Amino acid sequence: MRRVSVAGAIVIVAAVAAVAAVAAVAVTLLARELVGGGGRASLTVTVAGRSVHVVEGTTLAGAAARFGLQPRAGDVVDVNGQALRAGVVAGSFLVDGRPASPETRLRSGDRITVVDGHDRREPLVRRVVRVTGGMANNPQFTVSHTPGEQVIVKGALTHELLSVQFRPSGPARVEQAVALTFDDGPSPQYTPRILAALTRLRVRATFFVIGYLAEANPDLVRQELRLGMAVGNHSYNHPEVPPFAQLPPQLLTDEIALGEQVLSRLGARPHLFRPPGGSTSPRLVAAAAALGQRVVLWSVDPADWRPGRRAKEIVKRVLAAVRPGSIVILHDGGGDRSATLAALPAIVRGIRRRGLHLVALTANPRAAQGATGGP
Ligand SMILES: [Zn+2]
């Protein structure tokens, strides 16, 4: 008791004066804490923001055990934040903001902080790959390709993709080609006739089909594929109000994903998405890209869907606007398509007379296998 602090002495006096047994026990415990079991002086330290007393000579490890301080260990996580190895990144203690060993003897006024182990992401590998044939723009308005390379970043442990970025190395190259595209089918009434006309004309075109119609008419989609047509995604339900790009994010993603699922089941591979009404935004392009889809719009629109539009008018409007790289929007569903059907031979002849060939849209060419960069 010789080295007891002033505060401790007062407590002891109070303990002697106390009559109630309960009060005496409580005060004795407090006194013991202040002077220590071996009669050593106490130190006041701050542990995790709380002011506490420990006996002189207490180590950091001792204080941690005594106050039940246990930093949470962090995980090694993959590129998506999923735990690969749980609890392997140890936490630590800081004394006055500095790392300290467990044997460190505490001094009065020390501040002990518990630091949880931070989750650590798996190492990343980065590859730079030249894209032979170049990439189409996204959103795509014309048949053109930009030369460049892809920077691919993956998790070194899981090989899961973190990001792919395209770095152009030159200006876009417009092809001496035109793509005819047909939206809003498949239609049992018009799609077979449009397919027959395209086959007679030896034209490969692209059909952007509506998911629920493709589900109802799977054989028409299979026929399109068999005849060498490209089949793209035009959403599942074709919602028009509000404009597609303004749909709530989850609904927008669901529309793209559901349409794509129907096409995948039928074996369509180009992974092209045309939003209903051509409604687009950077958010929509990002949502489609996250699902592996490129957004395809158009550069020539004869408005063949307008009621009363005649075949001659459709031909004139297409041929007046078409040039190398044009993507032309037509329709094989959604109403009376007889004018569109009747206009096809003259459209195809007119385009070919300009020395342009007709192509189906394709997925981006696969990146060349030879990587030019390391991790
Ligand atoms: Zn449409």
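Residues numbered from 1 in each chain as written. Predicted model: local features only at pLDDT ≥ 70, side-chain atom pairs only at ≥ 80, totals over all residues. Heavy atoms only, no water.

Asks: Sorry, what's going on with the overall build of the protein here?
Replies: Check the secondary structure of the protein and you find 10 helices and 19 strands. Scored against the burial criterion, the 375 residues of the protein give a buried share of 43%. Residue pairs at least 24 apart in sequence account for 67% of intrachain contacts in the protein once pairs closer than 6 positions are excluded. Approximately 19,500 Å² of the protein is accessible, and the part contributed by carbon and sulfur atoms is 55%. (Helix = DSSP H or I, 4+ residues; strand = E, 2+ residues; numbered from the N terminus. Buried < 20%, exposed > 50% of the residue type's maximum accessible area, 1.4 Å probe, protein only. Contact = heavy atoms within 4.5 Å. Areas by Shrake-Rupley, 256 points an atom, 1.4 Å probe, with all protein chains shown as cover.)

Asks: Would you mind going over the coordination of the zinc ion with me for this structure?
Replies: By definition of the ideal shapes, four donors in a tetrahedron about a metal sit 109.5 degrees apart, and six donors in an octahedron sit 90 or 180 degrees apart. Distances from the zinc ion to its protein donors, Asp-184 (OD), His-234 (NE2) and His-238 (NE2), fall at 2.1 Å. Donor residues binding the zinc ion come from one chain and are separated in sequence as D-x49-H-x3-H. Across this residue pair, the class does not change: His-234 and His-238 are buried. (Donors = N, O, S within 2.8 Å, 3.2 Å for Na, K, Ca; no water.)

Asks: Looking at this structure, how should I read the sheet that holds strand 6 (residues 98-99)?
Replies: Picture the strands of a sheet paired through backbone hydrogen bonds; they go either parallel or antiparallel. Overall, mixed pairing links the 5 strands, which are arranged 2-1-7-5-6 in an open sheet. In this open sheet, the two strands that pair with only one neighbour each are strand 2 (50-55) and strand 6. Across 6 bridges, the pairing between strand 1 (residues 42-47) and strand 2 is antiparallel. Considered in strand 2, the bridge of Val-47 is made with Arg-50. (Pairing = 2+ DSSP bridges.)

Asks: Can you help me understand the sheet that holds strand 4 (residues 83-89) in this one?
Replies: Taken in spatial order, the 3 strands of this open sheet run 4-3-8, and their pairing is mixed. On the outer flanks of this sheet lie strand 4 and strand 8 (120-121), each paired with one strand and no other. Here strand 3 (residues 74-77) runs beside strand 8; their pairing, made up of 2 bridges, is parallel. By the bridge assignment for strand 8, Val-76 is matched with Arg-120.

Asks: Please clarify how the side chain of Asn-217 should be interpreted in this entry.
Replies: Of note, Asn-217 is situated in the loop between helix 5 (211-216) and helix 6 (218-226). Note on Asn-217: relative accessible area 17%, which makes it buried. Those residues within four positions of Asn-217 in sequence are excluded, and the remaining contacts are Pro-186 and Pro-188.

Asks: Got a minute to help me understand the pattern of salt bridges in this structure?
Replies: Note on pairing: side chains with opposite charge can pair once their charged atoms come close. Counted according to the given criterion, the structure contains 6 salt bridges. Ionic pairing is found between Asp-183 and Arg-274, a salt bridge with its closest N-O pair at 2.8 Å. Of the two residues, Asp-183 is situated in strand 13 (residues 177-185) and Arg-274 in the loop between strand 16 (272-273) and helix 8 (282-290); the sequence distance between them amounts to 91 residues. The class of Asp-183 is buried, set by a relative accessible area of 2%. For Glu-215, the salt bridge identified is with Arg-265, shortest N-O distance 3.2 Å. One end of the pair, Glu-215, is in helix 5; the other, Arg-265, is in helix 7 (residues 249-266), with 50 residues separating them in the sequence. (Salt bridge = Lys/Arg side-chain N within 4 Å of Asp/Glu carboxyl O.)

Asks: Any chance you could explain the packing of helix 4 (residues 191-200) against helix 6 here in plain terms?
Replies: Any two packed helices are characterised by the angle at which their axes cross and by the distance between the axes. Between helix 4 and helix 6, whose axes approach to 11 Å, the crossing angle comes to 10°. In terms of orientation, helix 4 and helix 6 fall into the roughly parallel class. Residue-level contacts link Thr-191, Pro-192 and Leu-195 of helix 4 to Leu-220, Gln-223 and Glu-224 of helix 6. A class-by-class count of the residues in the contact of helix 4 with helix 6 yields 3 nonpolar, 2 polar and 1 charged. (Axes fitted to C-alpha atoms, helices over the stretch in contact; angles between N-to-C directions. Parallel < 35°, antiparallel > 145°, perpendicular 65-115°, else oblique. Nonpolar A, V, L, I, M, F, W, Y, C, P; charged D, E, K, R; others polar.)

Asks: Help me understand the nonpolar core in this model?
Replies: Across soluble globular proteins, you tend to see nonpolar side chains buried next to one another. If you look at the biggest cluster of nonpolar residues, it comprises 39 residues, and the most contacted ones within it are Leu-180, Phe-182, Leu-198, Phe-207, Leu-344 and Ile-351. When residues of this core are traced back to their parent elements, those giving at least two are strand 13, helix 4, strand 14 (206-209), helix 7, helix 9 (311-321), strand 18 (327-331) and helix 10 (338-353). For this core, the element with the highest residue contribution is helix 10, accounting for 7 residues. One finds Val-45, Leu-60, Leu-69 and Phe-93 within the second-largest nonpolar core, a separate group that totals 13 residues. (Core = buried A, V, L, I, M, F, W, Y, C linked by side-chain atoms within 4.5 Å.)

Asks: Explain the side chain of Thr-206 here, please?
Replies: Within the fold, Thr-206 resides in strand 14. Its relative accessible area of 0% is what places Thr-206 among the buried residues. Here the side chain of Thr-206 touches Leu-361 through a polar contact of 2.9 Å, landing on its backbone nitrogen. Thr-206 has contacts with Leu-180, Thr-181, Phe-182, Ala-230, Leu-272, Ala-360 and Leu-361, leaving out every residue within four places of it along the chain. (Polar contact = N/O pair within 3.5 Å; in protein donor to acceptor, adjacent residues only side chain to side chain.)

Asks: Any chance you could explain a positive patch on the surface here in plain terms?
Replies: On the surface, a cluster of positive charge is made up of Arg-306, Arg-310, Lys-312, Lys-316 and Arg-317. Residue position: Arg-306 is located in the loop between strand 17 (294-295) and helix 9. (Patch = residues over 30% accessible without salt bridge, like charges linked within 9 Å, V, L, I, M, F, W, Y side chains within 5 Å. Lys, Arg positive; Asp, Glu negative; His and termini not counted. Charge placed at Lys NZ, Arg CZ, Asp CG, Glu CD.)

Asks: Is there a simple way to explain helix 10 in this structure?
Replies: Over its 16 residues, helix 10 extends 24 Å from the first C-alpha to the last, a length consistent with the 22 Å expected when each residue adds 1.5 Å. The sharpest bend along helix 10 comes to roughly 40°, located at Leu-344, with the proline Pro-345 sitting one to four residues further on. Within helix 10 the residues assigned to the buried category are Ala-339, Thr-340, Leu-341, Ala-343, Leu-344, Ile-347, Val-348, Gly-350 and Ile-351. At its buried positions, helix 10 is contacted by strand 13, helix 4, helix 9, strand 18 and strand 19 (357-358). Note on helix 10: the residue one or two positions beyond its end, Gly-355, has a positive phi of about 80°. (Expected span 1.5 Å × (residues − 1). Bend = angle between axes of the 7 residues up to and from the residue.)

Asks: Please clarify how the packing of aromatic side chains should be interpreted in this entry.
Replies: Each aromatic ring pair is summarised here by two numbers: the centre-to-centre distance and the angle between the ring planes. Using the criterion set out here, one finds 2 aromatic pairs in the structure. Their ring planes at 20° and their centres at 5.1 Å tell us that Phe-182 and Phe-207 sit as a pair that is stacked. With Phe-182 in strand 13 and Phe-207 in strand 14, the pair connects residues that are 25 residues apart, well separated along the chain. Assessed through its relative accessible area of 0%, Phe-207 is described here as buried. With a centroid separation of 5.7 Å and 45° between ring planes, the pair formed by Phe-244 and Phe-273 is classed as tilted. Separated by 29 residues along the polypeptide, Phe-244 in the loop between strand 15 (230-233) and helix 7 and Phe-273 in strand 16 bring together distant segments of the chain. (Phe/Tyr/Trp six-rings, centres within 6.5 Å; stacked < 30°, edge-to-face > 60°.)

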